[in-house]
Every structure is written in structure tokens, then in C-alpha cells.
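Chain and residue survey
The chain contents come next:
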Amino acid sequence: DLLGKAIIALKPNEIEEQVLERFPGLASADVSVGLPASVTIKVVERQPVILWQQEGNPLWIDEEGVMFPIIGEAEVQAEVIANSDPPAAPVPEDMTDEEPGESNPEEENEALLALLNEPVVRRTTPEFVQGMLAMINYVPEGSALAYDTEFGLGWQDPQGWLVYFGMDSNNICLLY
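Each value, and the rule that gives it
- Residues numbered from 1 in each chain as written.
- Predicted model: local features only at pLDDT ≥ 70, side-chain atom pairs only at ≥ 80, totals over all residues.
- Heavy atoms only, no water.
- Helix = DSSP H or I, 4+ residues; strand = E, 2+ residues; numbered from the N terminus.
- Buried < 20%, exposed > 50% of the residue type's maximum accessible area, 1.4 Å probe, protein only.
- Arc of directions from axis to C-beta.
- Contact = heavy atoms within 4.5 Å.
- Pairing = 2+ DSSP bridges.
- Axes fitted to C-alpha atoms, helices over the stretch in contact; angles between N-to-C directions.
- Core = buried A, V, L, I, M, F, W, Y, C linked by side-chain atoms within 4.5 Å.

**Regarding the environment of Asn-13**
One can find Asn-13 in helix α1 (residues 12-22). The class for Asn-13 is exposed, based on a relative accessible area of 55%. Considering only alpha carbons, one finds Asn-13 and Ala-29, 16 residues apart in sequence, at a separation of 9.5 Å.

**Re α1**
Ile-15, Glu-16 and Val-19 are the residues of α1 that are buried. Along the axis of α1, the buried positions cluster into a sector of 100°, meaning they face one direction only. Considering only its buried residues, α1 is in contact with β1 (26-34) and β2 (38-45).

**Digging into the sheet that holds strand β7 (residues 145-148)**
Backbone-to-backbone hydrogen bonds join strands into a sheet, with any given pair of strands oriented parallel or antiparallel. Taking strand neighbours across the sheet as the criterion, the seven strands line up as β5-β4-β3-β6-β7-β8-β9 in an open arrangement whose pairing is mixed. Edge positions in the open sheet fall to β5 (67-69) and β9 (162-164), since each of these has one partner strand only. Taken over all neighbouring pairs, the strand axes of this sheet differ in orientation by 35° on average, direction set aside. As paired strands, strand β3 (residues 48-54) and strand β6 (residues 78-82) are joined by five bridges and run parallel to one another.

**Topic: the nonpolar core**
As a rule of thumb, soluble globular proteins bury nonpolar side chains together. Within the largest apolar cluster, 19 residues are counted, with the highest numbers of intra-cluster contacts made by Ile-50, Trp-52, Val-80, Met-132 and Leu-145. Sorting the residues of this core by element identifies β3, β4 (59-62), β6, α3 (126-135), β7 and β8 (152-156) as the ones contributing at least two each. The contacts of Val-80, once residues within four sequence positions are left out, are Ile-50, Leu-51, Trp-52, Gln-53, Met-132, Leu-145, Ala-146, Tyr-147 and Leu-153. Within the second largest apolar cluster, seven residues are counted, among which are Ile-15, Leu-26, Ala-29 and Val-31.

**Overview of unusual backbone geometry**
A cis geometry characterises the amide bond from Leu-35 onward to Pro-36, with omega recorded as 0°. Mapped onto the elements, Pro-36 comes out in the loop between β1 and β2. A positive phi angle, close to 45°, is found at Ala-37, a residue other than glycine. Looking at where Ala-37 falls in the secondary structure, it is placed in the loop between β1 and β2. We classify Ala-37 as exposed; its relative accessible area is 66%. For Glu-55, which is not a glycine, the phi torsion comes out positive at approximately 35°. With respect to the secondary-structure elements, Glu-55 resides in the loop between β3 and β4.

Pasting the structure below:
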């Protein structure tokens, strides 16, 4: 949406935010504006490590737990067949260190506005990603990692046995 706009009217920070919102597969964007009429956008792509296969809605997940749509091709370290989204990363309950009853409405409004202006990025925890990557070394040949909302992360072995390690990623990380 930059064509036809005066170069002096462009705001690089706003363009960066729009690029990151529209392309969740990008880790960062750097926009520079110059004369005569030049806009340079440098981006860094996220590197997927997990392919999350879920009922016709495959996603990539990077080491930080950020989920993003598949665009192009990439080699991943693990593939997970799932019946739902991965567990969501927890959202901080409170952005301030204030005690209950000491609320400052002006600061709360500023914090709320900052949250509303942040691009919405779906993510799971980096610990869950590391747990999946650790488990891949123990999955029997001919089996795939699986995720079930009730039982957690595991796999089905070639004889049909279902093996699950539960929902607590600390249990998964013990495999290291």
C-alpha cells in the first residue's frame, strides 16, 4: 500500500508493524525510507523446526514456539500428527508490579493500548518444542509423533500400541 504515497509521509515503524502482522513467518522487519522515493524492507524469516499436521491445517513451529502458516518448502526436524492446536504459551496475567487496589487507570489504558497494537502471534512454549525435538530420537522407526488433547505428546508404534508422555513438558524433557 505504498505506491503513490509521498516518501515524506511514510512512517517506517508503521510499515514494519504491518509487514510483521501480514507475514507471521517473519521474525523481524527493518524498513528504511530514503530520497528519491526509495523504500527498503529487510526481513528475517523464522526457521521452522516442527511440522504440525492438524486436520488439513498444517503449520510450522519455530524453536521459540511461534506457529505460522507454511509458505514454500523447508526441512524440519520433526513432524507431529495432532487432533488440536499445541498447548498455548501462557499469557502474563499482569503487566505491572502493582499491588491490588493500587491501580492507575492511565497506566492501565496505556498497557491495554500497547497490547492491542501488538500483532497477534500464535505460540506454544519453547519447552514444549524442545520436548518434541527430544522425543523424536525415541520414536520407533515407522512411527510418527502424535499429539492428543487428552493424553498429550506421544506416538503409535508399528504394532499399534499408543505411547503417551502426558501434558507436562517437564516429563518429556526428562528424555534428554
